[in-house]
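Each chain, letter by letter, is given below.
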Amino acid sequence: MDTFKENALNTIGPAIIVLVCTVFYLSKKKQPKKEINEELLNERILTYKPEPLIDYSKIHYDNKDIEIPAPDESIPGCLNLAKVNYFNFLNNHEFRKEAEVCIKKYGVGSCGPRGFYGTVDVHLTLESRLAKFLQMEESVLYSYGFSTISSAISAYCKKSDIIFCDEKISFAAAQGFLAAKSQVVYFKHNDTNDLEEKLKEYEKKGKHKKRMSKFLIVEGIYASTGTICPLPKLMEIREKYKLRIFIDESLSFGVLGKEGRGVTEHFGIDRSDVDMIMGSLEGSLGSIGGFGVGASIVVEHQRLSSLGYCFSASLPPFLSQVAVCALDIFENNPGIFGELETICVKVDRQLRSLEHYNVISDPLSPLKVITTKEVDNRFEKITLIHRVCTSKNIYMVNADGYLKLNVSIVLDDSDIEKLLTTLKEAALICNDN
Amino acid sequence: MATRTSGDFAITELINEDAFQNRSHKKEYSSLYQNGYSKHSDTNSLCKQKKYLNGHTLTSSSDEEYLNFKDKYLNGTSHNKHFKKEKVLKESFEKPLLITTLLTLLSFYVLMFLGYLSQALFPPKVLKQRNREGYPRLYDKFSSFYSRYVYRRVRDCWNYPICSVPGAEVVLKDRITKDHCWTFEFTGLERKCLNLGSYNYLGFADPKSSCTEFAIECAHKYGLSTGATRQQYGTNELHVELEKLTAEFLGVEDAITFGMGFATNSLNIPALISPGCLLISDERNHASLILGMRLSGATVKVFRHNDVKDLEKILRTQIYYGQPNQPKEQHKPWKKIFIFVEGIYSMEGSIVHLPQIIALKKKYKAYLYLDEAHSIGAIGKSGKGVVDYFGCDPKDIDILMGTYTKSFASAGGYIAGSKKLIRFLREHSYGSKYACAMSPPVTAQIIGVLKVLMGKDGTNLGKTRIETLARNTQYFRRRLAQIGLITYGCEDSPVVPILVYLYSKIAMCVRTLIQNNIATVGVGYPATPLLEGRIRVCLSAGHTKEHLDYALDMLEKVADDIGLKHSRLPRDTKPIEYEKIELN
Ligand SMILES: Cc1ncc(COP(=O)(O)O)c(C=O)c1O
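Residues numbered from 1 in each chain as written. Chains lettered and ligands numbered in written order. Predicted model: local features only at pLDDT ≥ 70, side-chain atom pairs only at ≥ 80, totals over all residues. Heavy atoms only, no water.

1. As for unusual backbone geometry
Piece 1. A positive phi angle, close to 55°, is found at Q135 of chain A, a residue other than glycine.
Piece 2. Its location among the elements puts Q135 of chain A in the loop between α6 (121–133) and β3 (138–142).
Piece 3. Residues other than glycine seldom take positive phi values, yet Y233 of chain B does so here, at roughly 70°.
Piece 4. By the secondary structure assignment, Y233 of chain B is in strand β6 (residues 232–235).
Piece 5. Overall, the relative accessible area of 2% leaves Y233 of chain B in the buried class. (Helix = DSSP H or I, 4+ residues; strand = E, 2+ residues; numbered from the N terminus. Buried < 20%, exposed > 50% of the residue type's maximum accessible area, 1.4 Å probe, protein only.)

2. Details of the UniProt feature "transmembrane region" (unreviewed entry) in chain B
Piece 1. Following the UniProt record, the feature "transmembrane region" (unreviewed entry) maps to residues 97–117 of chain B here.
Piece 2. Here residues 97–117 of chain B is 95% helix and 0% strand, with 30 Å between the C-alpha atoms at its ends. (UniProt positions renumbered as here; feature names shortened; annotations may be inferred.)

3. Digging into the nonpolar core
Piece 1. Counting 266 residues, the largest nonpolar core has L423 of chain A together with L354 and F476 of chain B as its most contacted members.
Piece 2. Per-element tally for this core: the top contributor is helix α14 (residues 317–332) of chain A, with nine residues.
Piece 3. For this core, the two domains that each supply at least three residues are domain 1 (79–91 + 335–432) and domain 2 (107–332) of chain A.
Piece 4. Excluding residues within four positions of it along the chain, L354 of chain B makes contact with L368, L370, V386, V387, F390, C392 and I397 of chain B.
Piece 5. If you look at the next biggest cluster of nonpolar residues, it comprises 24 residues, including C277, L289, I399 and I415 of chain B. (Core = buried A, V, L, I, M, F, W, Y, C linked by side-chain atoms within 4.5 Å. Domains from an automatic or database assignment. Contact = heavy atoms within 4.5 Å.)

4. What about the interface of chain A and chain B?
Piece 1. Each partner contributes residues to the interface: chain A has 118 residues there, and chain B has 126 residues.
Piece 2. Summed over both partners, the interface of chain A with chain B comes to about 10700 Å²; 63% of that surface belongs to carbon and sulfur atoms.
Piece 3. The largest contributions to the chain A side of the interface with chain B come from Y48, L53 and Y117 of chain A, which together make up 9% of the buried area.
Piece 4. Linking chain A with chain B are four salt bridges.
Piece 5. With its nearest N and O atoms 3.1 Å apart, the salt bridge here joins E67 of chain A to R426 of chain B. (Buried area = accessible area lost by both parts, 1.4 Å probe. Salt bridge = Lys/Arg side-chain N within 4 Å of Asp/Glu carboxyl O.)

5. So, a nonpolar patch on the surface
Residue and element names in this part refer to chain B.
Piece 1. Together, L97, I99, L103, L106, V110, F113 and L114 give the surface a local cluster of nonpolar side chains, amounting to about 600 Å² of exposed area.
Piece 2. Note that L114 resides in helix α4 (residues 98–121).
Piece 3. Taking relative accessible area as the criterion, L114 reaches 33% and is therefore assigned partly exposed. (Patch = residues over 30% accessible without salt bridge, like charges linked within 9 Å, V, L, I, M, F, W, Y side chains within 5 Å. Areas by Shrake-Rupley, 256 points an atom, 1.4 Å probe, with all protein chains shown as cover.)

6. Section: the sheet that holds β3 of chain A
Residues and elements named next belong to chain A.
Piece 1. Spatially, β3-β9-β8-β7-β6-β4-β5 is the arrangement adopted by the seven strands of the open sheet, whose pairing is mixed. Two strands lie at the open edges of the sheet, namely β3 and β5 (183–187), each paired on one side alone. In this sheet, neighbouring strand axes are inclined to one another by 20° on average, regardless of whether the strands run parallel or antiparallel.
Piece 2. Across the sheet, helix α7 (residues 145–156) is in contact with β3, β6 (214–219), β7 (244–248), β8 (276–280) and β9 (290–294); its angle to β8 comes to roughly 160°.
Piece 3. The strands touched by helix α8 (residues 171–180) within the sheet are β4 (162–166), β5 and β6, with β5 carrying the most contacts at an inclination of about 150°. (Pairing = 2+ DSSP bridges. Axes fitted to C-alpha atoms, helices over the stretch in contact; angles between N-to-C directions.)

7. Comments concerning the sheet that holds strand β15 (residues 495–501) of chain B
Residues and elements named next belong to chain B.
Piece 1. Reading across the sheet, the three strands line up as β15-β18-β17 and stay open at both edges, with antiparallel pairing between neighbours. Two strands in the sheet have a free side with no partner beyond their single neighbour: β15 and β17 (521–523). Between one strand axis and the next, the sheet turns by 30° as a mean value, whatever way the strands run.
Piece 2. Pairing analysis gives three bridges linking β17 to strand β18 (residues 533–538), with the strands arranged antiparallel. Within the sheet, the bridge partner assigned to V521 lies in β18 and is R536.
Piece 3. Contacting β15 and β18, helix α16 (residues 461–483) crosses the sheet at an angle of about 20° to β15.

8. Regarding the pattern of salt bridges
Piece 1. Within the structure shown, the criterion is met by 49 salt bridges over all chains.
Piece 2. Residue E38 of chain A pairs with R316 of chain B through a salt bridge whose shortest N-O separation is 3.6 Å. Placement of E38 of chain A in helix α2 (residues 38–47) and of R316 of chain B in helix α10 (residues 308–321) is noted, with the two residues assigned to different chains.
Piece 3. The exposure class assigned to E38 of chain A is partly exposed, which follows from its relative accessible area of 34%.
Piece 4. Residue classification places R316 of chain B among the buried positions, given a relative accessible area of 2%.

9. So, helix α6 (residues 210–222) of chain B
Residue and element names in this part refer to chain B.
Piece 1. Under the 1.5 Å per step criterion, the end-to-end length of α6 is 18 Å for 13 residues, consistent within 8% with the ideal 18 Å.
Piece 2. Of all the residues in α6, the buried ones are C211, T212, A215, I216, C218, A219 and Y222. For α6, the angular spread of buried residues about the axis comes to 165°, placing them on one side. In α6, those exposed residues whose orientation departs by more than 90 degrees from the buried face are E213, E217 and K221. (Expected span 1.5 Å × (residues − 1). Arc of directions from axis to C-beta.)

Following this line, the structure appears as structure tokens:
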């Protein structure tokens, strides 16, 4: 009955602590505080001049310029590479019909968080289907892709923990680190040697306590560069230094691997070695929302302590239904992953053949990131190229000196041809200026 | 404290300079009213000279002081206009008997003790992760103990799956557990319940309305997602229309929308606020607000729930001391001071004391951030939230935030305010930069609801819904008081927490009510203070009088069975006639 004794102590312990704290608190209250000088106070209230609500100098654009509207795709020749639409699910009319049925049955919103009658049976279906698809024990559904990453991370990482992560990690993950208040160590992008050095340095300092966890957080395909993480090497390091690894598969889920199971399948890694995979329904699945999958013992924790899961209304049922439909296609027709890969590689090869551009992204990535070869005035040049392409009805994302384009399965040779000639033309115009 | 009468109320108090200076200042509470609210008379305050019905008036001394100040310095406008806006807030936070408190505490310790005991005897029925020897644990011991051996025993009261619209009635998927809530099995049966749990205040969840038809139409026309962020090609006509309508509805210049209410708070507060600012937050604020404040890196101070005096005290001391840790005791004022409040607090059922807070905000030159997640649509003559309810000027609130998840039966959130503010947010909000735009059918549903509420559909259905909700609220709350249950919050708030105190009674209550086909929500520690376990009822315009009567009968039965009639307030025994309830 040793444990019993220990448990009894555990119960009495807090009671004593509470008592001591109360006594301390009460005794502290009695101490006279430094007096407030009334006159000075009134003067300070009168003269207090706060800064304006917002920093007006930071407003640079008009509404129209800052929010670029979706292009009208019904115009012939319009090529929208700005939206994430790998499998053309966004234009799938079957999905819309399914959504209609679902809205008629469940309404649009779920009117409550998961705990309070916001768990609709399609949520449970989607959760079990996602877990089954990834061959893991359990999954948990979020209502927004951004909050998935940040909430899931901050559910596990604590102030006393240390996080090792790639310097190109997404903004959502960085918000998660902030919320967790953990110590964060960034290593050079996809540089496992640098990671090992940082780890060794850290071990040498010997500051770490036994209790504290070390996390390794990487992305499958990096949203800012389109590169793939060197997972096999990372897994070795994880094993060696006993790190907990979380992979953000927002982009790589449903893209990489023979059957679309993401970066783990791509490299043939046993998924049970990964502690948690976070993903988004906004990528290949063409819906909105996000999810985390892992072993039950890990994922279960999020259901009680992940802020974005507990304190927010659940995903609108029809959006989960859409994701279920997409998973149906993934499972019944795994050939589409090969198709997408062929197009990704084709576009990559063609882009690399352009003389004025550097391609940063991986050939297998459906997100292509390109920039000009010349480093000078890159920002202005890319803006100009972007403008030329837009005027030719080709839409891409201009991200501070880089152009991002999303490959889609519906791109045919003439589309790619058009893209290339326009990019070439734009580069010429740009160099003339 | 000895002067308080037997029913120990925490009724709201006026802001009063003198009271602030003299902390030991005595309050007198007198003349209990039949409906359980008390008249407040304060020896020093202005309201002594005026005749008020009961409860609490919102013309505060500071408000007046502010006006005088304005008169003196700015040759301000007439008093009269201001005084017309008086509103009587009736609210009650009755305290339980000491014995109830002690029992609650005891029962919690017993529960913990049993938890430890069963942890020692029965191993958890979850598989360990493979190949993780030598790894530190992923989360701490206590939280896994609490979730497996305390929360697990009552796990069946939450996360009940539904398989219908969360309307006035909801169909639950029946489930049973054969192993003390470690796992659940579906029985294949369904149970139709009266829905007192969902945030469907105006009853728009029902897909029979015209709004849902519009949503379906837009699903076909625009697809289900725009597949991009708001800033980069994800904006379509619906978003623009929604923002225009929202701004018009709220009576402000402009608005911006996001795909999730939680993210609206957690992604925009950091964009607006930088270190060096002071954030003063109500202690019962929602997790999303707290997260946003934490992410902003600014200093956060907390004031007691809805306690305007405490807020003023903090404002004064903070303006006095300024930013801490300055060299050589120099005085460096805060860059900006923000007050964070919610319209209706979802766990307390209380309504924010907005006019007083606006007065304070003006007096101390702070900014006000108001989260109307639960109040938008749910209160106010035309459903415009607390601002409308108190008849305040929406322009007095610097940042108006709200969500579309509740009254609008959709998803997402907005921030509304001046043109400049919104322009700033469009450019700098993390939400429009990095997160997916709102789904078109979701947007369309909100547009539809807004049109109904504003009467743009050519009917007065919106107004009828708002009135029905107000009537339901009054009826339900008054009847509960007659039964003798302790409820928290303001008379007009459709969120009704019913105090049951004991942890095990929460579970008992929820289970029995579900057995009787009523779906309610139980809330206990850690979501509420340890000693204030409660079940919560959210009323809806979709509920009919029959629904409410059934629920009240059942609640009374449960209250008799497990002893919940703790209220010691005098009861009004006159029957309440539903149709004759006067709406204010
Ligand atoms: C005050 C407050 N803010 C924000 C939210 C989050 O809104 P949503 O459910 O749309 O994420 C809630 C929801 O519970 C809330 O009560």
